[in-house]
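# Observations on the three-dimensional arrangement
Given next are the chains, with one letter for each unit.
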Amino acid sequence: MLQAPHISTSRLTASVERSRLHRYRTCCESPSLNFWALQSWSYLDVGVNCSVLLSSAPGISSYPKGDYLAGCFGWAIGLCLGVWVAGGVSPAHINPAVTLAMATWRGFAWKKVPVFIFAQLLGGFVGAALVYGTYFHAIDTFEGGVGIRTLRTAGLFSAYSIGYMTNVSAFFTELLATAILVLVIV
């Protein structure tokens, strides 16, 4: 005589846990990987900028710890690391402009766009905040006092136009660079 299979409560609990994990993975895994990708990219990029600029001050280092080429390699390694973090499982957009382009021309779901952009912005902010936490004493020394902040070090964490450029020309410079990036990727 055949007996009905018995389902234990531990197996049922494991099934529910797998179901929760599955819901998390389908909903949040790609955006969270994009968060970590952009966080690691911005941490390395802003970190190498700080290392190169701040080590040029005599009160911080006895000799400079890098130059323009070191900055370029740091940015390249940071970008590769960001793509490696997210690229295996999720689309490693790492840029809101790329996310919008993928949704417009490559069929990326529009309902995911706000979540991806939020994750990317938050990842960039967290990466920059970690670098600031690492280098704020060196920034104090470089600027000449505690809490003094000028455009000399503000450019480590953001982009500013050169004095001779207008805001309109700076806007079009960024627009052109972003368009080239998107055309190469899409």
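Everything numeric in this text was worked out from a predicted model, so none of it was measured. (Residues numbered from 1 in each chain as written. Predicted model: local features only at pLDDT ≥ 70, side-chain atom pairs only at ≥ 80, totals over all residues. Heavy atoms only, no water.)

### As for the overall build of the protein
When helices and strands are counted, the protein shows six helices and zero strands. Mapped from its N terminus to its C terminus, the protein presents α and β elements in the order α-α-α-α-α-α. Burial statistics for the protein: of 186 residues in total, 30% are counted as buried. Restricting to contacts in the protein with at least 6 residues of sequence separation, those with at least 24 account for 65%. Taken as a whole, the protein presents about 12400 Å² of accessible surface, with 70% of it coming from carbon and sulfur. (Helix = DSSP H or I, 4+ residues; strand = E, 2+ residues; numbered from the N terminus. Buried < 20%, exposed > 50% of the residue type's maximum accessible area, 1.4 Å probe, protein only. Contact = heavy atoms within 4.5 Å. Areas by Shrake-Rupley, 256 points an atom, 1.4 Å probe, with all protein chains shown as cover.)

### Details of helix α2 (residues 68–87)
In this model, α2 (20 residues) spans 28 Å end to end at C-alpha, consistent with the 28 Å of a helix rising 1.5 Å per residue. Among all positions in α2, only Gly71, Gly74, Gly78, Gly82 and Ala86 are buried. The buried side chains of α2 occupy one side of the element, clustering within an arc of 80 degrees when seen end-on. Exposed side of α2, more than 90 degrees from the buried face: Leu69, Phe73, Ile77 and Trp84 are the residues found there. (Expected span 1.5 Å × (residues − 1). Arc of directions from axis to C-beta.)

### Overview of a nonpolar patch on the surface
There is a patch of nonpolar side chains on the surface, built from Trp36, Leu79, Leu81, Val83, Trp84 and Val85 and spanning about 580 Å² of accessible area. No other element matches α2, which puts five residues into the nonpolar patch. With respect to the helices, strands and loops of the structure, Leu81 is situated in helix α2. (Patch = residues over 30% accessible without salt bridge, like charges linked within 9 Å, V, L, I, M, F, W, Y side chains within 5 Å. Salt bridge = Lys/Arg side-chain N within 4 Å of Asp/Glu carboxyl O.)

### With respect to the UniProt feature "transmembrane region" (unreviewed entry) in the protein
Annotation from UniProt places "transmembrane region" (unreviewed entry) at residues 68–94, 115–139 and 159–185. Secondary structure over residues 68–94 splits into 74% helix and 0% strand, and the C-alpha atoms at its two ends are 23 Å apart. With 100% helix and 0% strand, residues 115–139 has end C-alpha atoms that lie 33 Å from one another. (UniProt positions renumbered as here; feature names shortened; annotations may be inferred.)

### Focus: the packing of helix α3 (residues 96–105) against helix α4 (residues 113–143)
Where α3 meets α4, the axes come as close as 9 Å, and the angle between the chain directions of the two elements is 165 degrees. Taken together, the axes of α3 and α4 lie roughly antiparallel to each other. Considering only the axes of α3 and α4, their crossing is right-handed. Together, Pro96, Thr99, Leu100 and Ala103 of α3 and Val113, Phe116, Ile117, Gln120 and Leu121 of α4 make up the contact between the two elements. Class assignment of the residues belonging to the contact of α3 with α4 gives a composition of seven nonpolar, two polar and no charged. (Axes fitted to C-alpha atoms, helices over the stretch in contact; angles between N-to-C directions. Parallel < 35°, antiparallel > 145°, perpendicular 65-115°, else oblique. Left-handed = near helix turned anticlockwise from the far one by under 90°. Nonpolar A, V, L, I, M, F, W, Y, C, P; charged D, E, K, R; others polar.)

### Focus: the confidence of the model for the protein
As a note on interpretation, predicted positions should not be read in detail where pLDDT is low. Summing up the model confidence of the protein, the mean pLDDT is 84 and the portion of residues at 70 or higher is 87%. Looking over the protein, one finds the lowest element-wise mean pLDDT in helix α1 (residues 9–54), namely 77, and the highest in α4, namely 93. (pLDDT = per-residue confidence, 0-100.)

### Re the pattern of salt bridges
Using the criterion set out here, one finds one salt bridge in the structure. We note a salt bridge from Asp140 to Arg149, for which the minimum N-O separation is 2.8 Å. Taking the relative accessible area as the measure of exposure, Arg149 reaches 33% and is therefore partly exposed.

### Comments concerning the packing of aromatic side chains
All chains considered together, the criterion is met by six aromatic pairs. Plain terms: the ring middles of Tyr132 and Phe157 are 5.9 Å apart, the flat faces sit at 70 degrees to each other, and that makes the pair edge-to-face. Separated by 25 residues along the polypeptide, Tyr132 in helix α4 and Phe157 in the loop between α5 (151–154) and α6 (167–185) bring together distant segments of the chain. Assessed through its relative accessible area of 30%, Phe157 is described here as partly exposed. An aromatic cluster of at least three residues, connected via ring pairs, comprises Tyr132, Phe136 and Phe157. A cation sits over an aromatic face here: Lys65 above Tyr63, 3.7 Å from the ring centre. (Phe/Tyr/Trp six-rings, centres within 6.5 Å; stacked < 30°, edge-to-face > 60°. Lys NZ or Arg CZ within 6 Å of the ring centre and 35° of its normal.)

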